[in-house]
Amino acid sequence: MAERPSDAAAPDGSVVDANTVEDWQVRVHIIEARNLKGKDATGMSDPVCSVEVFGKIQSTKQYKETVSALFDRWFLFEASQGQIAGQKLDIKVFDANMVLRNVLIGRHTLDLEWIHSQKNHEIFAKWLLLSKPNGKNPGSQGFLKVSVMVLGPGETAAAHDEGAEFLDDNDGADLQSMVLMPPEISATPSVLRVGVFEASALPIMDTGIKPSADPYVKVHFNGQKAKTRVIKNSLSPTWDEQLEIPFTMPTFEDNILITVSDRDGTSKNDTIVKFKVSMADVLAGKLKEPRWYYLTADLKNLKAQSSADGAIVRGKLLMSFDVESREGTLQVTKAIRPRMPSTTNFLLDLDLYEMDACPVDNKVIAKLQVGTMADRIEVATAEVTNGRAQFLKRLDTVTVNDVPEDPTQRPDVFIFFYEKSRLGTKTRFGYVHIPASQLKLDATPQWYEVLADPFASSEISEGKRPGVVLMRLSFASASEVSKSERHVRPPLEAPKMKKHLLVANVYQARGLRSRDTDGSNDAFVRAEIVSASGLARSRTKTRHNTNFPVWYETLKVEVEVPEQKSLLPLLTLNMYDEDSKIVGKASKEFVGSAQIDISGDAELRWVKLTTLSKRGALGSLLAALSKAHRHAQRKIDSGELLVSAKLIPADDVTKISALPKSISPKFLECVIDIDVVSLFDLAAVNARPVTRPVVEFSIPDGASEKLATVSSTRVHVHKISLENGASGGRANSASILQRLRVEVQLPKKVAFSPNMNVRLIDDCHPTSRVIGTGSIYLGQFFPWAKPDELAAGDAKRFIDEDDLEVTVVQQAKLQIEPETPEEKPKFAHPDEAQVPLDNVPLTPSTSSSRPPARQKDKMKESVVVDMPHDEAAREKQPLLAPPAAQAQQEQEPQRHVDPEELRSMVRKHLSTRSLNIAGQEQQVGPADAPPEEPERPRIKHPRMDQELERTIRPPFLTCRLARRRGVFARLFGGEHEDGSAADPSHHVQNIVEAGKLRGAVRIYPKSGEVPKLQSLEEIMKPQEVVVRVYLLKGRNFVPKDPDGLCDSYIKIKNRTKSINIDDSSNVIQNSLDPEWNKCFQFNSTVPSSESEIIISVYDHDAHGKDDLVGETAIDLETRWFSDEWKAMDPKPIERRQLRHPSSKHPQGFLDMFIDIMTPEEARRKPQEDLRPPRSKQQWELRVVVWNTKDVKPRDNYTKESDIFVSGKPSADGCDVQVTDVHWRSDNGEGMFNWRFVWPNIVLPSKNPRFVIQVWDKDYIGVNDAIAEATLNFRSLFAKAFALEEPKRIRLDRQWVQLYHPNYSDGLQGRVELTVELVPAAEAALAPAGLGRDEPNRDPFLDEPKRPEKSFNPLRADKWVQYGAHTFWAAHKWKFIIFVVLVILAAIGVPILLHFLGRL
């Protein structure tokens, strides 16, 4: 079975690497906020949310006076950078202010790298805890629901059902169960305590009289940072400080970033090193005790740190991490000196044998460094001869003191290699890094790869590697060594040598990185191995003009190598591109190399070829001028090589004589048919268009042992030119319509399948120029291949035209609503989804009764059909009687089918069709039946979550032709993994597309019956067709407007613009998920240069040019000539990605399907009815506020509240409405009998919400918010929309509880409501007034019977009336008693005086 190729083997032979500099995309959906702290004087907030990433900030719109907000806003951030390490997503919620600065409510920080590591590279509908640790009131500041996707190169966003982000919302039958409560997340104020104690062996950062550094440590976590003090002029500073960073648990933040920097007074501070600590380890208590962290340079991000004189080892740092559950502030305190980690002495033994593939020519010096060892130990010096430096040096029992006993804190070991010039200068060119986890006592000799020095001012020259070194390294504690009964070893001597025969079988290569300007190579392989007598070499023959060369050669070399297997040298395989002879000698360019171990048995395997990235002339100049422009040379993929190798002792005559004479696999006599249909998208070369294209195919022929020689019989070369059979076309396309039949021998085993090389030549000049090259993998067409023989990777070598979008046979994922809730969609295995392309010729979708095509110069007709939205409009259209089959389909319910069932139906359909030997479809059924007038059918279509091209195997393959840029671009841009610039800041794409070839390939065993095929001219005879593009809706569009939405409309055109439909008059406003339900109909001709249509979505702007959201291209020929597509009835609804030239990620999706038919079929078949089952409906929402109770007073002095109630639906165009005021309530009760009315409610509604608030009225100052509740009306609105006959729905008099996040004492009040949905027609016949106004009905609202003291405080007459009434009520008995006493006194006093006078 063929091995799966690595990422280096791209389908077209170019090189693709996972670290290629491409776009990263971050999509953020801010869904909603709940339980936000009120920051205004009213006790509410005006929330607005901002999102910051990649240094860019975007914000939602502002909501007024609420502690909850349904934002439902998408943000998109894109950046062209190779990695996202260290990048943060900072989400903040503010209370917006008109004049003053916005007030931060809370924030949450997420690590993009962590999000990318999650399933589907996303967090979906997650509640984030908003916190403000440094505020006066730390802890929870509210909750925010978000979805975040972090997509890297080649990754696609996961598809979710519409509304899935709101499935956790409360949704019940009564009002209280509709109240949306905050998530049950327990917020715990916490403090991250980071102990920073000391560091040692830091690199010198400041040069001068006294070279030193001014170090300090900075800790970043949860969007906050704290740092130690600066220690002046010290490489071993002591801080003994504790940094406290407050945060709130739980948190999604996992990375604690530690930065060690050098303080500069006059310039920007230098970064010494950065590293990360996992918060999960901190919470698990693993890092509570002080531990040593060994600091090494980050080779992936050298620009972010100072060169520090090229220091790779940058010291060690003693730190501790702990979390304490308490409130705290950001601060730095004095730390208590901890107990140091336990240490012991270690012993190190080093046996250094030799270095091979050495990149330098002078002496090589090897130095040893363990951890932060102050002085590197010079191990050995050796001369370099033929790339080999033989050290044979034993370093016995080196004592390393104070090594931590904890294995996770032990230091790494470094071996540095220097070149010593004849002048005595030493230049480091490479090093070996051995992690502490790989060090052990009983080590055996092994080969280590030497890494290029990242701080070198000059790069290792092309064709050379940093080298490999053979050594044995033992590192263990002194106690372990004493237990091993070790004795002193003698000096290292040269190993005992023995003569061997090296046998290297070179079969073929694939996906080579091109070195010629035509995009190909003239490849040969040179095998090299170090022998006692020097460097032994042997090479293969040269295979010209291919990135997939085939050799089947055996290279034999007599070598003298060590007897001990562990000391055997590595076999180096270098791949070169041979250039034309210059002054009698052929030059060569290095492609890549691989090194394999030959100590074991011979194993046939694919090995990866690699080379080192190059800066280019400009990059080298910048690196020489400034260390900031240096970067580490990285290995980049250059292709793969299929080889096996073994050593045979020279005296083993039996094994040598048993070697096969040929390594060629078994072959079959075969016939290959190559149908060349067209060339298109031909790119001009040096501003010169292609005028006389010639297509050249090279097919390896395995007929005999002639493969091992350069012979004209080995390769069959066939040419097709534009003059012979071209039918015209545009300047950048040509319709060719020629067929080649070639007899070759192909291997029986799919693993040895070759590639057919394709070259496009412009023959307009005596010296023909090569426009581009490509390659087609033949193994996928082997009719004798078993499914398990075609590895997934080999199948992907089928060349496509755009990132494998149309030719890779992938899994078909159908999403059809199941009949029962328990039934789930089934998914087939990817192998099962491969519907094989039978060895039949291309057949046109035509019958003998179809009319001839129109002349090309005739204008195409374009018709845009809007689906009617009312019955009257529908009746005005011409109605045709539906065929019986369509009428039956209209009555049948939509059922669930899986991909395998769909493919079975396709196979059954294909097997029952009548095909003649030439593949011409016979007429099926009456073609001249008189057309009837059916009305538009409504048909159930299966659904797919991807493009149809990914499910059906297209009738054509599309081979992408590419070439290399000129010398100037490569010279200044440098070489990278995919031919792009090595430095992202100087990005130049060196591999460019030259054009595309469309055709088909069929392979037959010659021993079998080879069918007689119909000519391509007859099959591909141009025909006029009617195309109907049914656009249903868009999904997840990238926002283009400042409000985070789009105003979308459609354009459809082809390359020649003979089809040009502009639907800009029908703009769908303010939606990222627009619904069209529209059919676009037009005429086209297939095959032709105009058969590819482009569907574009634009965002309409009132001012300026409209913005392109994205577009998708559909090739009509691929469908018209596909029997599988024709067998699909009805056509499936596919979800197509929208692409934009500025991004490598989808900009949204289109749900659509396409039908293509002859004009006669179009006359018989009406357009489908795409109207939704129910159109939008107008309703009126009525809410009656009856009473309140248990309302908490906000006036702490009077303990009274002036209560009023406000309400607002979330629907557009609905304003806030308020009741009148119940004054001076001292018991929390309020009586209103007040009606709210909103007449403009449209159903269905996406996420209907209703916010009810209770307030305390203040005439002096602002009103005080008492409480709030948000009700989810989703089920209520859905129930109303589902009614066959719209009628009133009422939820009568129910109490709703209200809360406020600023108050922790629970319930803040209750309000009694009646909620009613009334159809607009009924509401017009029976209107109801606002408040208690007329018409006061349904129900009739009386004036509330409020207490007498409940009146407006500004009414003077009320005050007099209230004062008199209150005074009389309070003092009437006193007054009566007083009057009685006065009367008694008036009567009694005279009487008394009368009696006294008598006396």
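All of these numbers come straight from a predicted model, not from anything done at the bench.

A.B. asks: Can you lay out the side chain of D1202 for me, pointing to particular residues and giving the numbers?
C.D. replies: Within the secondary structure, D1202 is located in strand β54 (residues 1201-1209). For the buried D1202, which has no salt bridge, the nearest side chain bearing the opposite charge is R1224, at an N-O separation of 6.1 Å. Only 2.8 Å separates the side chain of D1202 from the backbone nitrogen of R1224, close enough to count as a polar contact.

A.B. asks: Can you lay out the sheet that holds strand β12 (residues 238-249) for me, pointing to particular residues and giving the numbers?
C.D. replies: With antiparallel pairing, five strands are arranged side by side in an open sheet as β15-β16-β9-β12-β17. On the outer flanks of this sheet lie β15 (291-296) and β17 (331-334), each paired with one strand and no other. Mean inter-strand twist for the sheet, computed between neighbouring axes without regard to direction, equals 35°. Here ten bridges tie strand β9 (residues 188-200) to β12, and the two strands are oriented antiparallel to one another.

A.B. asks: So what's going on with helix α16 (residues 1274-1281)? Which residues, and what values?
C.D. replies: Looking only at α16, the buried set comprises L1276, F1277, A1280 and F1281. Projected down its long axis, α16 carries its buried residues within an arc of 130°, all on one side. In this structure, the buried side of α16 is in contact with α2 (175-178), β53 (1177-1189), β57 (1230-1243), β60 (1289-1298) and β61 (1309-1319).

A.B. asks: Lay out a positive patch on the surface with the relevant residues and their values.
C.D. replies: Together, K225, K227, K232 and R263 line one region of the surface with positive charge. If you trace the backbone, R263 turns up in the loop between β13 (255-262) and β14 (270-278).

A.B. asks: Describe the sheet that holds strand β19 (residues 363-370), naming the residues involved and giving the relevant values.
C.D. replies: The strand order across the open sheet built from five strands is β20-β19-β23-β24-β26, with neighbouring strands paired in antiparallel fashion. Strands with a single pairing partner mark the edges of an open sheet, and in this sheet they are β20 (377-382) and β26 (451-452). Where β19 meets β20, five bridges bridge the pair, whose relative direction is antiparallel. When the bridges of β20 are listed, V364 appears paired with A382.

Definitions and cut-offs
- Residues numbered from 1 in each chain as written.
- Predicted model: local features only at pLDDT ≥ 70, side-chain atom pairs only at ≥ 80, totals over all residues.
- Heavy atoms only, no water.
- Helix = DSSP H or I, 4+ residues; strand = E, 2+ residues; numbered from the N terminus.
- Buried < 20%, exposed > 50% of the residue type's maximum accessible area, 1.4 Å probe, protein only.
- Lys, Arg positive; Asp, Glu negative; His and termini not counted.
- Salt bridge = Lys/Arg side-chain N within 4 Å of Asp/Glu carboxyl O.
- Polar contact = N/O pair within 3.5 Å; in protein donor to acceptor, adjacent residues only side chain to side chain.
- Pairing = 2+ DSSP bridges.
- Axes fitted to C-alpha atoms, helices over the stretch in contact; angles between N-to-C directions.
- Arc of directions from axis to C-beta.
- Contact = heavy atoms within 4.5 Å.
- Patch = residues over 30% accessible without salt bridge, like charges linked within 9 Å, V, L, I, M, F, W, Y side chains within 5 Å.
- Areas by Shrake-Rupley, 256 points an atom, 1.4 Å probe, with all protein chains shown as cover.
- Charge placed at Lys NZ, Arg CZ, Asp CG, Glu CD.

Purely geometric stuff here, so don't read any function into it on its own.
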